[in-house]
Amino acid sequence: MDGGFWRRTPAVTATVVQAEYSGQLSADKHPLPSPQHADQPGSPIEQEPVSEPRAPTPRTTGSLAHQRFAALLSAPTVDLVQLQKLSWKGIPPQYRPTAWQLLMGYLPLSASRRTPTLQRKRKEYADWKQQTFARGDGALDKQLWHQIQIDVPRTSPGSPVFQNPLVQRSLERVLYCWAARHPASGYVQGINDLLTPFFSVFLEDAAIAEAELEHVEADSFWCLTKLLDGIQDNYTHAQPGIQRQIVKLKELVMRIDRPLALHFESENIEFIQFAFRWINCLLMRELSLASIVRMWDTYLAEQNGFSNFHIYVCAAFLLKWSKRLQQMDFQEIMEFLQRPPTLDWTAADVELLLSEAYMFKCLYHDAPHHLS
């Protein structure tokens, strides 16, 4: 293997990323958290400095972001590239439902086509739902329906919205209809988690009443379908997509932070023991729903954000705790990674995580022989 790239590539640390962010976030009065690890990845050799790839500028001030989104989304035809660029930095809540549906490819970019498209897709889902549930719950696949009914009450248990019986019933219908239409994969635990950001965003301005939920339910079904179409091999038999991504994550961590990777080996830590859930549920059980929604703004703006870019986010997430983890034994590491201390994370923490992931992607994604 040609090791020249790795010798020429400078170390990337949270300090580098903080320098990128400090000037931008200070104007918005969002203090940056102190870097949680300052480990130099690998063993860089002294050399002439090489320019660092720059992450997309952090979020703009509120009024400017609102103006840009308002102008962009009110255009007769939305400029998708510009929408992706703006969305990477975070989408204002009132524009998020439309922006997500455009970025998912659910809504057409042409404003004149959106209303008829919504009417057609919502009717298509309503017809499918009626056909599926016309004979009552007793006519459904009992094993599938039973599993969904077990999982839905466990979905976002701390959220009053997702403990509402009407919302839970709506979630159950979406999951069952999706599974029935995708027999190659069927329903897998974790898909229920991936549905909640869509409901959360689309319910932003909707009352929790059966009539209003119909549109949210239909839109969430189609957006979930779009999302899972891009990562479907994560949920087919033996979940080969997740297995491949775990291998990539392990290789990536070995490149960036060899001491941590070797410590894991010495403690007999296998990446599948913690990373399977990180990939299967897209870190939804490690972070708050608000943090996940903000992350998905960026994922939707990235090419293959829910697969390729997510691996770099997982690497950045793990490396945040590198120094602490290297002082732990097997049991302590597993307990820590199952319940990482993220309850008090702010928007600034999420943005720093995304920026570190972007840096890793720029440095390592196209590196020779890496992640192949």
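Here the structure is a predicted model, which means the values were calculated and not measured.

**Observations regarding the overall build of the protein chain**
Reasoning step 1: The number of helices and strands found in the protein chain is 18 helices and zero strands.
Reasoning step 2: For the protein chain, buried positions account for 52% of its 372 residues.
Reasoning step 3: By sequence separation, contacts in the protein chain at least 24 residues apart represent 74% of the contacts at least 6 residues apart.
Reasoning step 4: As presented, the protein chain carries roughly 17,200 Å² of accessible surface, and 50% of it is formed by carbon and sulfur atoms.

**Points about helix α14 (residues 289-301)**
Reasoning step 1: With 13 residues, α14 extends 19 Å from end C-alpha to end C-alpha; this agrees with the ideal 18 Å at 1.5 Å per step.
Reasoning step 2: Counting buried positions along α14 gives 11 out of 13 residues, so the element sits mostly inside the fold.
Reasoning step 3: Among the residues of α14, those classed as buried are S291, I292, V293, R294, M295, W296, D297, T298, Y299, L300 and A301.
Reasoning step 4: Of the surrounding elements, those touching the buried residues of α14 are α4 (80-88), α5 (96-103), α9 (191-202), α10 (210-230), α15 (305-319) and α18 (347-364).

**Let's talk about the confidence of the model for the protein chain**
Reasoning step 1: Of the residues in the protein chain, 81% reach a pLDDT of 70 or more, and the chain-wide mean stands at 85.
Reasoning step 2: Note on residues 1-55: pLDDT under 50 across the span, and 97 contacts to partners over four residues away in sequence or across chains.

**Examining the packing of α4 against α14**
Reasoning step 1: Axis separation between α4 and α14 bottoms out at 8 Å; the angle between their running directions is 150°. Compared by their axis directions, α4 and α14 come out roughly antiparallel. At the point where α4 passes α14, the crossing takes the left-handed sense. Contact residues: α4 offers Q84, S87 and W88, while α14 offers R294, D297, T298 and A301.
Reasoning step 2: By residue class, the composition of the contact of α4 with α14 is two nonpolar, three polar and two charged.

The rules we used
- Residues numbered from 1 in each chain as written.
- Predicted model: local features only at pLDDT ≥ 70, side-chain atom pairs only at ≥ 80, totals over all residues.
- Heavy atoms only, no water.
- Helix = DSSP H or I, 4+ residues; strand = E, 2+ residues; numbered from the N terminus.
- Buried < 20%, exposed > 50% of the residue type's maximum accessible area, 1.4 Å probe, protein only.
- Contact = heavy atoms within 4.5 Å.
- Areas by Shrake-Rupley, 256 points an atom, 1.4 Å probe, with all protein chains shown as cover.
- Expected span 1.5 Å × (residues − 1).
- pLDDT = per-residue confidence, 0-100.
- Axes fitted to C-alpha atoms, helices over the stretch in contact; angles between N-to-C directions.
- Parallel < 35°, antiparallel > 145°, perpendicular 65-115°, else oblique.
- Left-handed = near helix turned anticlockwise from the far one by under 90°.
- Nonpolar A, V, L, I, M, F, W, Y, C, P; charged D, E, K, R; others polar.

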